[in-house]
Structure formats: C-alpha cells, structure tokens
Amino acid sequence: MGSEDIWIIGSNMTKFGKHPEKDVVDLASEASVAALRDAEMTMSDIGVLGVGNLMNAGAGIGQQLQKQIGQTGVPVFNVSNACATGATALRVAIMAVKAGEADVGMAVGVEKLAGAGLLGQRGPKPQSETWEPSGRFGAIGSTEGRIGTNIMPGVFAQVGMEYGHKYGGTSFELFARISEKNHAHSTLNPLAAYQKRFTLDEIMNDVMIAYPNTRPMCSGNCDGAAAMIVVNDEKKKSMPAEVQKRAIKISASVLTSDPWEEGCQILPDVNTLTRNAATQAYEQAGIGPEDLDLVELHDCFATAELVHYDNLMLCEQGGAVDFFESGAPWRDGTKPVNVSGGLQSKGHPIAATGIANIHEIVMHLRGEAGDRQIEGAKVGLAHVIGLGSACGVHILEKAA
Amino acid sequence: MNESDNTALIKQIPFVDYLVLGEEPYLMANECNQCQARYFDRRNACSCCFGDQFTKVKVASSGVVTSFTIVEMGPVPYVSAVVDCDGTPVRCTLIGVDPTPEKVQLGMSVELTTYSMGEDSEGTEAIAFGFTPAQ
Ligand SMILES: [Zn+2]
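Here's what I pulled together on the structure shown here. No experiment lies behind these values; they were computed from the predicted model shown. Sequence order sets the numbering: in each chain, residues are counted from 1 along the sequence as written. Key to labels: chains lettered from A, ligands numbered from 1, both in the order written. Reporting in this predicted model follows two pLDDT cut-offs: at least 70 for local features of residues, and 80 or more for side-chain atom pairs to be given and counted; totals over whole chains, interfaces and linings ignore these cut-offs and use all residues. Side-chain calculation: all heavy atoms of the structure are included, whereas hydrogens and water are not.

### Notes on the overall build of chain A
Thinking step 1. Under the DSSP-based scheme used, a helix requires at least four consecutive residues in state H or I and a strand at least two consecutive residues in state E, with every element numbered from the N terminus. Within chain A, the secondary structure is distributed over 13 helices and 11 strands.
Thinking step 2. The C-alpha radius of gyration of chain A comes to 20 Å, within 12% of the 21 Å expected for a compact globule of 400 residues.
Thinking step 3. Its C-alpha atoms give chain A principal-axis dimensions of about 65 × 55 × 40 Å.
Thinking step 4. For chain A, the residues scored as buried account for 61% of the 400 residues in total.
Thinking step 5. The contacts of chain A with a sequence gap of at least 6 include a subset with a gap of at least 24, amounting to 77%.
Thinking step 6. Side chains of chain A carry 32 positive and 46 negative charges; the gap between the two charge centres is 4 Å. In this treatment the radius of gyration is a C-alpha quantity, and the globule benchmark scales as 2.2 Å times the residue count to the 0.38 power. Exposure categories follow from relative accessible area, calculated using a 1.4 Å probe and restricted to protein chains: below 20% of the type maximum is buried, above 50% is exposed, and the middle band is partly exposed. Note on definitions: a residue-residue contact is assigned when non-hydrogen atoms from the two residues lie within 4.5 Å. When charges are counted, Lys and Arg are positive and Asp and Glu negative, with His and the chain ends excluded. To locate a charge, the coordinates of NZ of Lys, CZ of Arg, CG of Asp or CD of Glu are taken.

Have a look at this one:
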C-alpha cells in the first residue's frame, strides 16, 4: 500500500434500527461526534471529509453535516456508490491522506430507510392507452415479472442458485442455516436492529420472499450511521498515547468495479469483482485468508453469503458449501464470519453499511467488542458490495 | 408503402425490441464483430474488447436453466431464470411450469415461447416471450 501506513484512530456507529425522531443529519452527526471523541479530536482537526448517502445523493449531506457539527471550509466529497457507498467515502478519505493532501480524514455513511420496504421494490408504472415502446429495450411495459426479476431478493437468490448449479450441494435448508448462524450471532450485538435468535424451522417457514430467501434471510431496511477517522503515520505519532494504543492499521483498502464477463448483462456478476478486490487486498496487506481472525462480509441475503466465502477465498474454489458445513464461519469456528449478526440481523442502512462493517472489525481488534469479542483477534477483513457493481475490501491489523 | 398500408400491416408489437416476431419468433442480440460478445441493448463500444462494430444475430431458442428464483412478493408467484442458450445467457420468466421448487430444477431444458398480452385501444396485439420446459 505504499510507503506510509494509514491508521483508524476514531470509529463509531449508531445503533441500527428505527430512529423516527432523528433525521439523516442527526444520525450522521451522532456517529461523527462520537468518532471525533473516540479520536480525541474536533472538526478543526479534519482536513478532508468523505460523506456517503444514497437516498439523498444530491442533497449535499456532507455540507449539512458540517453545518450541524462544525464548518471549517475543508473539501467535502459527497459520494454515492450503491451499497458500497460507505466504503467509497472511506476510500476517498484514505486516498486524500495517502496523497498527502490532508493528515486527517473523516468518512461518514448515513441512511434512513426504515419503512422503505424491501430493497429494489418498485410500484407498477401507469399503463397508457396504447403500447408505447420505451427505454433501452423498447419495452412496452414493466419488465419486472415479464422478463425475470430485478428485485434484490430475486437477483441475489439467483446468485446463490447459480453457485449451486455450478458446484452442487446447495439447498433451501443450507441457505436457511446460514441465516440461522447470523441471527444467532446478533443476540450478542446491542447495536443490531434485530437481536432475535430464530430456529431453522422458523426461518424456513417464514414468509417466502424470493425462493430460497425467506424474510429473515433478507437484510432489513433500517436507519443508521457510521463514521471513521483516518490519519497518516506522522499524525498518529503526534496523538496522545491512549489514542495511539487503540489505533488500528489499514493494511489494505481496495475498491473495484466489475470487469466484463459473459452474462453480466443478464445477472449481475458479484463474484469477479469481489475476487479481484480480495486478491488485491491480500497482496497489499501481504497476508492471506488463512491469517484472518474474523470476516464481516456483505450478506445482504443468505444466498449471497455463501458465494462470498468462495470469492474472498476463505475456502478453495467451489468449496463454500463444505466450508459452511464444517462450522468454520460460526463465531466459535475456525473462521468467524459476520459475528455482528450480518446485514440480515444487524440491518442494512445502505450508505452506513460499508463503514459499519469496518467498525465491527475495529472493535474486535481493539478488544472492545464486549460479549461478542473474538478473543485475541489481530487481523480482520471487511467486505461490501453494491450492485452495478462496486466492491470494497478492507483488511485491518492490530498495531504490533 | 403509404402510412395507412403500414398501419394495417402492424397488428402485433413485441414486448421488447429484441424479440423478433414472425413464423418462428426468436431473440436477437447485437454481436461484437471482433470478440463475439453479445448484448441485448445497444452499445457504443463493446464492453469486453472496445470494438465498435456489431452485427445482429439470432440467439438459440432453447437452452438450460443455470439459475432461478421464485418471486413471491406479488399477488402471483413467478419464476425468474437465467437460461444458457447455446452459450448466450438469457434472462427470462419461466412459464408453463408450476412456480414451485419441486417443479423447477437447475439444469432443466427449456425453449422459447411467446404469448399474447392483449390488444391496446388501437387493436395492436402485444406479444411477450418466456421459456417453457422443452417437449
Ligand atoms: Zn468485443
């Protein structure tokens, strides 16, 4: 990653869930002020601000945040990059600090989604009197249901089923058991939107959304924010001993988009860009998947978690089912995955997710994860993917 | 041909412009002259090899289901699938099969079929496509 290390010295996320009394700026402010306090800093220390928000991408949430907690005139980058928006905001802050344009950067991701329904769901288009071709395919009506599906639960269901077709071994029950794991993990995370343990039967007999994903196997729309403060080596050395002691090294920070693949116009390819991001991240960090003590990956649906075991190379190619069956990704397994409860129970306030995943790793590496602490964790990986596509992978290490 | 003749001839309209109607309807793709990558929409350059010359080609009308889901969020469940049509992946809805995991299988052979969506106020019939289990 170049000659100079980048460090996280402040990190925070709000509780995910319903926050009817708070607006987007309130939530962003809550996480930002807490992250600043964590770093023993104020807005006067921040040299660059990256702010992610998807639902109000044109609203200048970064500037609104400044007005709420401190205006200093520093550059603000408002970003939107689907579900990878938060990771993109962090990439902006890291790139600016690495480039030497600032010593301290802050990244914030915030979203208000509670009550917005399932991701990607749209109402029907009004029907005109005559057939009118429109759009890229000259379609005379909504393609949803006529030409397969575009809704997220359906798209990601097909991503998991495609893996099953390629390598075998998948079943409705297998995907449901992945969800069972994450919901079990969530009971230890007070910041999760849902902290309810489900039995396998309860998961399989819940409302079917898009086979094989039932409702508890889908990430929940909710409100939340996360914020993080990054510094270069020199700045870190100038900080109080207590802040330095809790600093976490960013050993790799990668953002990819998808290269051309046959069929990516038909079903989004979430695999190639994730594998590419992971490969680059392991190279940057000079470590391999075998060195990871925990992983937070983008389980927007239970079917997605399975393919990312493989894409992040936590198992050999084609071996994701065996990897899960071995018990490895449970919190007491050899490679704990989504000990936060994952998006299925922690919730998925889109732009906050990409920073919140990294925050979870930070908490474990600092030894501050409370009841869900993975003992002795030294290295962790956080992964996020937004359809379209954008993939962020960060590898963090505890300071030596 | 004057305009009234033209109107008289057009009695059907495909649901999407890459569905070609006729005796034996088929799906049509824009194929890159350089690398043979296929696209159902227009491209200024091939996203695979950056070539900018394309030829319209007929896509095979039968194939194998490589992925599917059964969407149950609306009033009527439906099967969304990816069908490998002789190397060209096609997104579609499977019809003529019960939308249940017992009836829809990965690897099943399917073929293109069309159906009427009804007529508009000017009497033009819309034709949509789906894939159905092969005979
Ligand atoms: Zn080409």
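Having put the structure on the table, let's press on.
### Overview of helix α4 (residues 152-167) of chain A
Residue and element names in this part refer to chain A.
Thinking step 1. Across its 16 residues, α4 extends 23 Å between first and last C-alpha, which sits within 8% of the 22 Å expected from 1.5 Å per residue.
Thinking step 2. Among the 16 residues that make up α4, 12 are buried, leaving the element largely enclosed by the rest of the structure.
Thinking step 3. Of the positions making up α4, those classed as buried are M152, P153, G154, V155, F156, A157, Q158, V159, G160, M161, Y163 and G164. Under the convention used throughout, the expected extent of a helix is 1.5 Å for every residue step, that is, one less than its residue count.

### Looking at the coordination of the zinc ion
All names here are of chain B.
Thinking step 1. Protein coordination at the zinc ion: the donors are C32 (SG), C35 (SG), C46 (SG) and C49 (SG), at 2.3 to 2.4 Å from the metal.
Thinking step 2. Its 4 donor atoms give the zinc ion angles of 98 to 116 degrees at the centre, a pattern that matches the tetrahedral case.
Thinking step 3. Between consecutive donor residues of the zinc ion, the sequence gaps follow C-x2-C-x10-C-x2-C. With C35 in the loop between β3 (26-32) and β4 (38-39) and C46 in the loop between β4 and β5 (54-59), this pair connects stretches of sequence that are 11 residues apart. Each metal site lists N, O and S donors within 2.8 Å (3.2 Å for Na, K and Ca). With water left out of the atoms, a site can look as if it is missing ligands. In this scheme the shape depends on donor count and angles: four donors with every angle between 85 and 135 degrees give tetrahedral, four or six donors with opposite pairs above 155 degrees and others between 65 and 115 give square planar or octahedral in turn, and any other case is irregular.

### Side note on the sheet that holds strand β10 (residues 379-386) of chain A
Residue and element names in this part refer to chain A.
Thinking step 1. Pairs of strands are assigned from DSSP output, requiring at least two bridges between the strands. Overall, mixed pairing links the 9 strands, which are arranged β3-β2-β4-β7-β1-β8-β11-β10-β9 in an open sheet. Every other strand in the sheet has two partners, leaving β3 (76-79) and β9 (294-296) as the edge strands with one partner each. Looking at each pair of strands side by side, their axes are set apart by 25 degrees on average, direction ignored.
Thinking step 2. Bridge analysis of β10 against strand β11 (residues 390-398) gives 8 bridges, and the strand direction is antiparallel. Along β11, the bridge assignment pairs V379 with E397.
Thinking step 3. Interaxial angles span 0 to 180 degrees and are taken between N-to-C directions of axes, which are lines fitted to C-alpha atoms, for helices over the stretch in contact. Against the sheet, helix α3 (residues 85-98) engages β1 (6-13), β2 (48-52), β3, β4 (104-111), β7 (224-232), β8 (248-257), β10 and β11, with an angle of about 170 degrees to β4.
Thinking step 4. Contacting β8, β10 and β11, helix α9 (residues 272-285) crosses the sheet at an angle of about 150 degrees to β8.

### Re unusual backbone geometry
Residue and element names in this part refer to chain A.
Thinking step 1. The omega torsion of the bond from Y211 to P212 falls at 5 degrees, within 30 degrees of zero and hence cis.
Thinking step 2. Its place among the elements puts P212 in the loop between β5 (208-211) and β6 (213-214).
Thinking step 3. Residues G388 and S389 are joined by a peptide bond in cis, for which omega reads 5 degrees.
Thinking step 4. Mapped onto the elements, S389 comes out in the loop between β10 and β11.
Thinking step 5. Despite not being glycine, E40 shows a phi value in the positive range, around 55 degrees.
Thinking step 6. Its place among the elements puts E40 in the loop between α1 (24-38) and β2.
Thinking step 7. Phi is positive for A82, close to 50 degrees, though the residue is something other than glycine.

### Thoughts on the environment of Q158 of chain A
Thinking step 1. Along the polypeptide, Q158 of chain A turns up in helix α4.
Thinking step 2. Distance from Q158 of chain A to A377 of chain A, taken between C-alpha atoms, is 34 Å for residues 219 residues apart in sequence.
Thinking step 3. When sequence neighbours within four positions are dropped, the list of residues in contact with Q158 of chain A reads T149 and L267 of chain A together with S67, F68, T69, S80, A81 and V82 of chain B.
Thinking step 4. At a separation of 3.2 Å, a polar atom in the side chain of Q158 of chain A contacts the side chain of S80 of chain B. Whenever two N or O atoms come within 3.5 Å, that pair is a polar contact, provided that in protein one can donate a hydrogen and the other can accept it, and provided that, for residues adjacent in sequence, both atoms are side-chain atoms.

### Points about the pairing of β5 of chain A
All names here are of chain A.
Thinking step 1. With 2 bridges connecting them, β5 and β6 associate as antiparallel partners. If you follow A210 over to β6, its bridge partner there is N213.
Thinking step 2. Hairpin connection, β5 to β6: the antiparallel pair is bridged by 1 residue.

### Comments concerning the nonpolar core
Thinking step 1. In this structure, Y309 and L314 of chain A together with L27, L94, F129 and F131 of chain B are the most contacted members of the largest nonpolar core, which totals 92 residues.
Thinking step 2. Once residues lying within four places of it in the same chain are set aside, the contact partners of Y309 of chain A are I178, K181, L297, L314, C315, A320, F323, F324, P329 and V337 of chain A. Among buried residues, those of type Ala, Val, Leu, Ile, Met, Phe, Trp, Tyr and Cys that are joined through side-chain atoms within 4.5 Å constitute a nonpolar core.

That's the geometry; what it means functionally is another story.
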